[in-house]
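# Reading the structure
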Amino acid sequence: MERHTQGMLPQGALSDKVIFVTGGGTGLGKSMATYFAELGAQVAIMGRREEVLTQTAQALQEQTGQKILPVPGDVRQYEQIEAAIEKTYTELGTVNVLVNNAAGNFISPTERLSHRAFDAVVDIVLKGTYNCSLAFGKRWIADKTAASVLNIVTTYAWTGSPFVVPSACGKGGVLAMTRSLAVEWAKYNLRFNAIAPGPFPTKGAWSRLFPEGLEKLIDPKGQIPLHRFGEHQELANLAAYLVSDYSAYVNGEVITIDGGEWLQDAGQFSNLSRIPNEMWDQLERQVRGKKD
Ligand code: HXC
Ligand code: NAP
């Protein structure tokens, strides 16, 4: 097995953590929840579809031997978050990590979107994240709990991106919130960090961002210098580090894990990677020749 597909932290590294993962029933949220539990954390997973959460919780409980709590709810609804938090405290005790991972997204030319479509995505991504951060933050500050928040953004949070404009607006806001609260709430012993993943195959993302047929026109791996997608375990390793006490001095940071994707076309001469090796002899002769 290659190193990056293996767990990285020592056993028991998260045994003092109770972790609340939004969108933990599927995809990357599920992979992070799995590794957190393998490292000894107790984990609550939140999402709208109760049956998905229950199935995931059962499977993870069997796999890891840890208690996994399914808490159905919509992150857009503040009262539902408060109820989910209450249930988690009752069942698992004091929560000390929040992972804001739930998201909504789909590709579309912006002029085709209704204002409700825009709301649907921004409300899950940005409102969902500030709802959860505020509800937990108020409680942690009142109880003097030391805790940390990990927000899952993406690289177009700072570059922007056409065809996913509501998601870009939402993720940009989440990144601003990460950095703002990292400073404002450090005095309460609360840390805020973010991960910006490149493409990691999940059913939720692939069905909405790379629908069948699109791969014939666009090769998403072609945009990635390392020419591969991410492995869920490598993202789970980074997430586990950032929510663990090993990263106690990391605050207000966003860590990109994308094989170099967002920088691919940023450098002025990136397109020279397309030049075959054989051609460089000729090019060098031409360039050196200019000197004389
Ligand atoms: C245009 C669309 C649309 C589409 C929905 N709408 N899909 N408009 N193109 N493909 C419109 C609807 O017509 C409606 O507007 C409005 O959006 C709300 O739709 P609902 O279905 O009622 O919304 P809701 O049930 O709240 O579902 C939210 C959702 C859905 C975002 C639309 O896709 C969802 O539940 N997603 C959750 C999971 C997810 O998206 N995972 C992928 C994350 S990947 P009208 O006007 O008709 O009422 C990710 C990766 C980032 O974030 C980076 C990748 C590299
Ligand atoms: P996913 O499987 O579709 O995950 C999204 C999760 O969010 C689902 O479990 C969904 O569950 C939950 N969710 C959506 N709306 C919700 C709401 N209103 N309330 C509560 N939960 C809600 O997609 P994923 O690829 O794993 O994405 C996970 C995170 O990674 C997202 O933040 C995404 O932006 C980010 N990301 C992913 C990639 C990638 O390549 N996969 C790249 C960059 C960033 P329900 O539908 O049951 O509510």
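The paragraphs below set out a description of the structure included in this document. Keep in mind the model is a prediction, meaning the values are calculated, not measured. (Residues numbered from 1 in each chain as written. Chains lettered and ligands numbered in written order. Predicted model: local features only at pLDDT ≥ 70, side-chain atom pairs only at ≥ 80, totals over all residues. Heavy atoms only, no water.)

With that settled, the discussion passes to the packing of aromatic side chains. Per the stated rule, a full pass over the model turns up six aromatic pairs. For the ring pair Trp-185 and Phe-192, a centre distance of 6.0 Å and an interplane angle of 55° mean the geometry is tilted. Both residues of the pair, Trp-185 and Phe-192, belong to the buried class. Here the aromatic cluster, defined as three or more aromatic residues joined through ring pairs, consists of Phe-20, Phe-136 and Trp-140. Above the face of the Tyr-89 ring, Arg-139 is positioned so that its terminal group lies 3.8 Å from the ring centre. (Phe/Tyr/Trp six-rings, centres within 6.5 Å; stacked < 30°, edge-to-face > 60°. Buried < 20%, exposed > 50% of the residue type's maximum accessible area, 1.4 Å probe, protein only. Lys NZ or Arg CZ within 6 Å of the ring centre and 35° of its normal.)

Two numbers describe how helix H4 (residues 115–143) lies on helix H6 (residues 165–184): the axes approach to 7 Å, and their chain directions differ by 15°. The angle between the axes of H4 and H6 places the two elements in the roughly parallel class. Considering only the axes of H4 and H6, their crossing is right-handed. Contacts between H4 and H6 pair Phe-118, Val-121, Val-122, Val-125, Leu-126, Thr-129, Tyr-130 and Ser-133 from the former with Val-165, Pro-166, Ser-167, Cys-169, Gly-170, Lys-171, Gly-173, Val-174 and Met-177 from the latter. Here the contact of H4 with H6 is composed, by residue class, of eleven nonpolar, five polar and one charged. (Axes fitted to C-alpha atoms, helices over the stretch in contact; angles between N-to-C directions. Helix = DSSP H or I, 4+ residues; strand = E, 2+ residues; numbered from the N terminus. Parallel < 35°, antiparallel > 145°, perpendicular 65-115°, else oblique. Left-handed = near helix turned anticlockwise from the far one by under 90°. Contact = heavy atoms within 4.5 Å. Nonpolar A, V, L, I, M, F, W, Y, C, P; charged D, E, K, R; others polar.)

A word on the site of ligand 1. If you check the shell around ligand 1, you find 16 residues, and the closest are Arg-48, Asn-105, Ser-114, Arg-116 and Arg-208. Here an oxygen atom of ligand 1 sits 2.7 Å away from a polar atom, N or O, in the side chain of Arg-48. Side-chain polar atom of Arg-208 to an oxygen atom of ligand 1: 2.8 Å apart, as the coordinates give it. Burial of ligand 1 by the surrounding chains reaches 60%, relative to a free accessible area of 1100 Å². Breaking the shell around ligand 1 down by element, the ones donating at least two residues are H4 and helix H7 (203–209). No other element matches H7, which puts four residues into the shell around ligand 1. (Near = heavy atom within 4 Å. Polar contact = N/O pair within 3.5 Å; in protein donor to acceptor, adjacent residues only side chain to side chain. Areas by Shrake-Rupley, 256 points an atom, 1.4 Å probe, with all protein chains shown as cover.)

Bringing the packing of helix H1 (residues 27–38) against helix H2 (residues 50–64) into the picture now. One can describe the packing of H1 onto H2 by two numbers: an axis separation of 10 Å at closest approach and a directional angle of 30°. Where H1 crosses over H2, the two elements pack in a sense that is right-handed. On the side of H1, the interface is formed by Lys-30, Ala-33, Thr-34, Ala-37 and Glu-38, while H2 contributes Thr-56, Leu-60, Gln-63 and Thr-64. Split into classes, the residues belonging to the contact of H1 with H2 amount to three nonpolar, four polar and two charged.

Here we take up the site of ligand 2. Not every one of the 27 residues close to ligand 2 is listed here, only the nearest: Thr-26, Arg-48, Arg-49, Asn-101 and Thr-202. Between ligand 2 and Lys-171 there is a distance of 2.8 Å, counted from an oxygen atom to a side-chain nitrogen or oxygen. Here an oxygen atom of ligand 2 and a backbone polar atom of Phe-200 are 2.8 Å apart. The protein chains hide 90% of the 870 Å² of surface that ligand 2 would expose on its own. Of all elements in the fold, only H1 and H7 reach the threshold of two or more residues within the shell around ligand 2.

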